[in-house]
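Structural overview for review
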Amino acid sequence: MKYLVMVQGTQADYEAMRGKASANSPAWSDEELQAMFAYMGAINNDLAETGELVDGQGLAEPAQTRHVTVGDDGKAVITDGPYGETKELLAGYWVLECKSLERVTEIADRVARCPQPAGAPDYPVVIRPIMDGSGDI
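Model, not experiment: these values are computed from the prediction.

Looking now at the nonpolar core. If you look at the biggest cluster of nonpolar residues, it comprises 19 residues, and the most contacted ones within it are Met40, Trp94 and Leu96. Listing elements by their share of this core, those giving two or more residues are strand S1 (2-9), helix H1 (11-17), helix H2 (30-50), strand S5 (89-97) and helix H3 (101-112). With residues near it in sequence (within four places) discarded, Trp94 still touches Tyr3, Leu4, Val5, Val7, Met40, Ile43, Asn44, Leu47, Leu53, Asp55, Gly56 and Val111.

Rendered as structure tokens:
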């Protein structure tokens, strides 16, 4: 079974990783940032070794995103990010092929333990099974 494992974040979190603190996110030091990258890199390496890693990527900050909808007139309405109505956004993901929900939950638990500065917000790690066709609904 394939699973999408997602980590969340906010624009303030990306800015904190660049050293700019806010009320919700303390500034990250270079050492803390390198520890986070090393931790996530080790997870990626382990998952590649076990053959469970299909894909995994960090995503650009919300300020570099666009939200596209269709307006009442049928024309595209394009809004640049970040979006005031949205708090957390997808910050990165893994597509994993695991034998069980229990196994992917073990991996998500490891991801949730990623080092970060004291006082940084905690976000859930979300697991979603990937359907293998319309028969899975």
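This brings us to the sheet that holds strand S2 (residues 53-58). Spatial ordering of the open sheet is given by S2-S5-S1-S6, a layout of four strands whose pairing is antiparallel. The sheet is open, and its two edges are formed by S2 and strand S6 (125-129), each paired on a single side. Across the sheet, the mean angle separating the axes of adjacent strands is 20° when strand polarity is ignored. As paired strands, S2 and S5 are joined by five bridges and run antiparallel to one another. By the bridge assignment, Leu53 is partnered in S5 with Leu96. In this fold H2 packs onto S2 and S5, with an angle of close to 25° to the strand it touches most, S5. Those strands touched by H3 are S1, S5 and S6, and its axis lies near 155° from that of S6.

So, about H2. Counted at 1.5 Å a residue, the expected span for H2 with its 21 residues is 30 Å, and the 30 Å between its end C-alpha atoms agrees. Of the surrounding elements, those touching the buried residues of H2 are H1, S2, S5 and H3. Among the residues trailing H2, Gly51 stands out with phi positive, at a value near 80°.

Its location among the elements puts Ser25 in the loop between H1 and H2. Taking relative accessible area as the criterion, Ser25 reaches 1% and is therefore assigned buried. Excluding residues within four positions of it along the chain, Ser25 makes contact with Ala12, Asp13, Ala16, Lys20 and Pro121.

A separate point is the packing of H2 against H3. Where H2 meets H3, the axes come as close as 10 Å, and the angle between the chain directions of the two elements is 160°. As judged from the angle between their axes, H2 and H3 are roughly antiparallel. Once H2 is placed against H3, the crossing between them reads as right-handed. Contacts from Tyr39, Met40, Ala42, Ile43, Asp46 and Leu47 of H2 reach H3 at Arg103, Ile107, Arg110 and Val111. Counted by class, the contact of H2 with H3 contains seven nonpolar, no polar and three charged residues.

Pairing analysis gives eight bridges linking S1 to S5, with the strands arranged antiparallel. The residue of S5 that forms the bridge with Val7 is Gly92.

What follows is about H3. Given a rise of 1.5 Å per residue, twelve residues ought to cover 16 Å, and the 16 Å separating the end C-alpha atoms of H3 matches this to within 8%. If you check which residues of H3 are buried, you get Val104, Ile107, Ala108 and Val111. One side of H3 carries all its buried residues, which in axial view fall inside an arc of 100°. In this fold, the buried residues of H3 make contact with S1, H2, S5 and S6.

On to the side chain of Asp13, then. Looking at the element boundaries, Asp13 is found in helix H1. Apart from the residues within four sequence positions on either side, Asp13 is in contact with Ser25, Pro121 and Tyr123.

Analysis parameters
For every chain, the first residue of its written sequence is number 1, and the numbers climb from 1 along that sequence. Owing to the predicted nature of the model, reporting of local features is limited to residues with pLDDT of at least 70; listing and counting of side-chain atom pairs is limited to 80 or more, with chain, interface and lining totals taken over all residues. Side-chain numbers come from the whole structure's heavy atoms, not from hydrogens or water. Residues enter a nonpolar core if they are buried and are Ala, Val, Leu, Ile, Met, Phe, Trp, Tyr or Cys, with the set joined through side-chain atoms within 4.5 Å. Burial classification: accessible surface area is computed with a 1.4 Å probe over protein chains only, and a residue below 20% of its type maximum counts as buried, one above 50% as exposed, and the rest as partly exposed. The helix count covers DSSP runs of H or I at least four residues long, the strand count covers runs of E at least two residues long, and both are numbered beginning at the N terminus. Note on definitions: a residue-residue contact is assigned when non-hydrogen atoms from the two residues lie within 4.5 Å. Strands are treated as partners if at least two bridges between them are detected by DSSP. With axes taken as lines fitted to C-alpha atoms, and helix axes fitted only over the stretch in contact, angles between N-to-C directions fall between 0 and 180 degrees. In a helix, the anticipated span is given by 1.5 Å times the number of residues less one. Roughly parallel means an angle under 35 degrees; roughly antiparallel, over 145; roughly perpendicular, 65 to 115; everything else is oblique. Crossing handedness: left-handed means the near helix sits turned counterclockwise from the far one by under a right angle, and right-handed means the same turn made clockwise. Polar here means any residue outside two lists: the nonpolar Ala, Val, Leu, Ile, Met, Phe, Trp, Tyr, Cys and Pro, and the charged Asp, Glu, Lys and Arg; Gly therefore counts as polar. Comment: arc refers to directions from the helix axis out to C-beta atoms.

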